[in-house]
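Tertiary structure, described
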Amino acid sequence: PTAPAAAAAEAPPAEKEEAVAGEGAKARGGWMPFAQQGAATGGGFAAQGTDTAWRFFTDPNFDFQKEGQAYQASGAATGN
């Protein structure tokens, strides 16, 4: 029950930001976009690391060379 309340509490600021951005006179800025991007990036790293760790412990044919190549391909695809 607390999670929907938390999501509802976060919704009004998003609407407020849209209204400000819609005015066009005020520049969009601050630290929040950077924090959101950082959280998304950190979440991606955590998901990838968890997936790799899970396969390392469960796959008897785990190959570090293949993992490194997949990691490099992922970085090239996203430009990071």
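Thoughts on the confidence of the model for the chain
Taken over all residues, the pLDDT of the chain has a mean of 73, while the share at 70 or more is 64%. At the low end of the mean pLDDT range in the chain sits helix α1 (residues 2-23), at 49; at the high end sits helix α2 (residues 32-58), at 86. Confidence drops under a pLDDT of 50 for residues 5-11, and excluding neighbours within four residues, the segment shows zero contacts in the predicted structure.

Focus: helix α3 (residues 64-78)
Here α3 spans 21 Å end to end across 15 residues, near enough to the 21 Å set by a 1.5 Å rise per residue. Capping of α3 at its N-terminal end is provided by D63; its side-chain oxygen lies 3.1 Å from the backbone amide nitrogen of Q65. With its phi angle positive at about 80°, G79 sits one or two positions after the end of α3.

Remarks on the pattern of salt bridges
Overall, the coordinates contain two salt bridges when judged by the stated rule. For D51, the salt bridge is made with R55, and the minimal N-O distance between the two is 2.8 Å. Residue D51 and its partner R55 are both found in helix α2; the two are separated by four residues, about one turn of the helix. With a closest N to O distance of 2.3 Å, E67 and R55 form a salt bridge. Taken together, the residues span a long stretch of sequence, with E67 in helix α3 and R55 in helix α2 at a distance of twelve residues. The partly exposed category is assigned to R55, whose relative accessible area is 27%.

Cut-offs used in this document
- Residues numbered from 1 in each chain as written.
- Predicted model: local features only at pLDDT ≥ 70, side-chain atom pairs only at ≥ 80, totals over all residues.
- Heavy atoms only, no water.
- pLDDT = per-residue confidence, 0-100.
- Helix = DSSP H or I, 4+ residues; strand = E, 2+ residues; numbered from the N terminus.
- Contact = heavy atoms within 4.5 Å.
- Expected span 1.5 Å × (residues − 1).
- Polar contact = N/O pair within 3.5 Å; in protein donor to acceptor, adjacent residues only side chain to side chain.
- Salt bridge = Lys/Arg side-chain N within 4 Å of Asp/Glu carboxyl O.
- Buried < 20%, exposed > 50% of the residue type's maximum accessible area, 1.4 Å probe, protein only.

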